[in-house]
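# Structure at a glance
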Amino acid sequence: MTNDLSEFVIIIRLVLAFAAGAIIGIERSSRRQVAGLRTHILICLGASCLMLLSMWLPKQLGDGDPGRIAAQVVAGMGFLGAGAIIKLGNNIRGLTTAASLWLTAAIGLTIGAGMYIAAITVVVLALITLVVLHIVERKLFPEDNWKKDTP
C-alpha cells in the first residue's frame, strides 16, 4: 500500500476502520455483550487514528519512530480489556469480549497503516472465530456438560 497520507487516503482508512469495528461489534452486540457495536467502532477508529498519527508525525518532523504510538495502543488495550472480564464465583466471563476489543485495536492499527488486505482478512477470520466456531464449540461441548457455579 502507498505511504501517501493525503486527506482522501486518511478518510478512506478511517471509514474502513469504522466499518471493521462495526462488523465485529455487531456480532458482540448480537450476543448481548456490554462491549458491543459502539465500543468496537470507537476502539478501531481510535487505533486507526493513532496509527495515522504515528505515520504522519515523522513525515512532518523529519524523524521519529512510527511504532511507538502503536506499541502504546497495544499495551493500553490490555487495561481496557481487563475491564471487560468479570469473575462470577468460579466462572469467568468476558474473555472473548476482551480479546475482541484487543483484536479490534489491532485491526484499527492495521487499517491506519494502510494494510487493507491484512485487515479485511483478520475481520473475516475474526467473524469465523466468533460466529462459526461458537456453533462448533456448542455442538462439541454442550452447556449441560459445563461446570455449574454452585455456592
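Refer to the preceding data block for the structure.
Reading guide: rules and limits
Residues numbered from 1 in each chain as written. Predicted model: local features only at pLDDT ≥ 70, side-chain atom pairs only at ≥ 80, totals over all residues. Heavy atoms only, no water. Helix = DSSP H or I, 4+ residues; strand = E, 2+ residues; numbered from the N terminus. Expected span 1.5 Å × (residues − 1). Buried < 20%, exposed > 50% of the residue type's maximum accessible area, 1.4 Å probe, protein only. Contact = heavy atoms within 4.5 Å. Axes fitted to C-alpha atoms, helices over the stretch in contact; angles between N-to-C directions. Left-handed = near helix turned anticlockwise from the far one by under 90°. Nonpolar A, V, L, I, M, F, W, Y, C, P; charged D, E, K, R; others polar. Salt bridge = Lys/Arg side-chain N within 4 Å of Asp/Glu carboxyl O.

Bringing helix H2 (residues 37-61) into the picture now. Taking 1.5 Å per residue, 25 residues should reach 36 Å; H2 reaches 36 Å between its end C-alpha atoms and fits that length. Residues His40, Ile41, Ile43, Cys44, Ala47, Ser48, Met51, Leu52, Ser54, Met55 and Pro58 constitute the buried set of H2. Tucked into the core, H2 has its buried residues touching helix H1 (7-30), helix H3 (67-83) and helix H4 (95-112). Trailing H2 by a residue or two, Gly62 shows a phi angle of about 95°, which is positive.

Relative to the elements of secondary structure, Thr104 occurs in helix H4. What makes Thr104 buried here is its relative accessible area of 1%. Among all residues touching Thr104, those that are not within four sequence positions of it are Gly21, Ile24, His40, Ile43 and Cys44.

The subject of this paragraph is the packing of H2 against H4. Where H2 meets H4, the axes come as close as 7 Å, and the angle between the chain directions of the two elements is 35°. Seen along the crossing, H2 lies across H4 with a hand that is right-handed. Where H2 abuts H4, its residues Thr39, His40, Ile43, Cys44, Ala47, Ser48, Met51, Leu52 and Met55 lie against Ser100, Leu101, Thr104, Ala105, Ile107, Gly108, Leu109, Ile111 and Gly112. For the contact of H2 with H4, a count of residues per class yields 11 nonpolar, seven polar and no charged.

It is worth spelling out the pattern of salt bridges at this point. Charged atoms that come close allow side chains of opposite charge to pair. Here the structure, examined in full by the defined rule, presents two salt bridges. Glu27 is the salt-bridge partner of Arg28, the closest N and O atoms lying 2.9 Å from each other. According to the relative accessible area criterion, Arg28 is buried, its value standing at 5%. Here Arg31 makes a salt bridge to Glu27, at a shortest N to O gap of 2.5 Å. A relative accessible area of 5% places Glu27 in the buried class. Connected through shared salt-bridge partners, Glu27, Arg28 and Arg31 make up one network.

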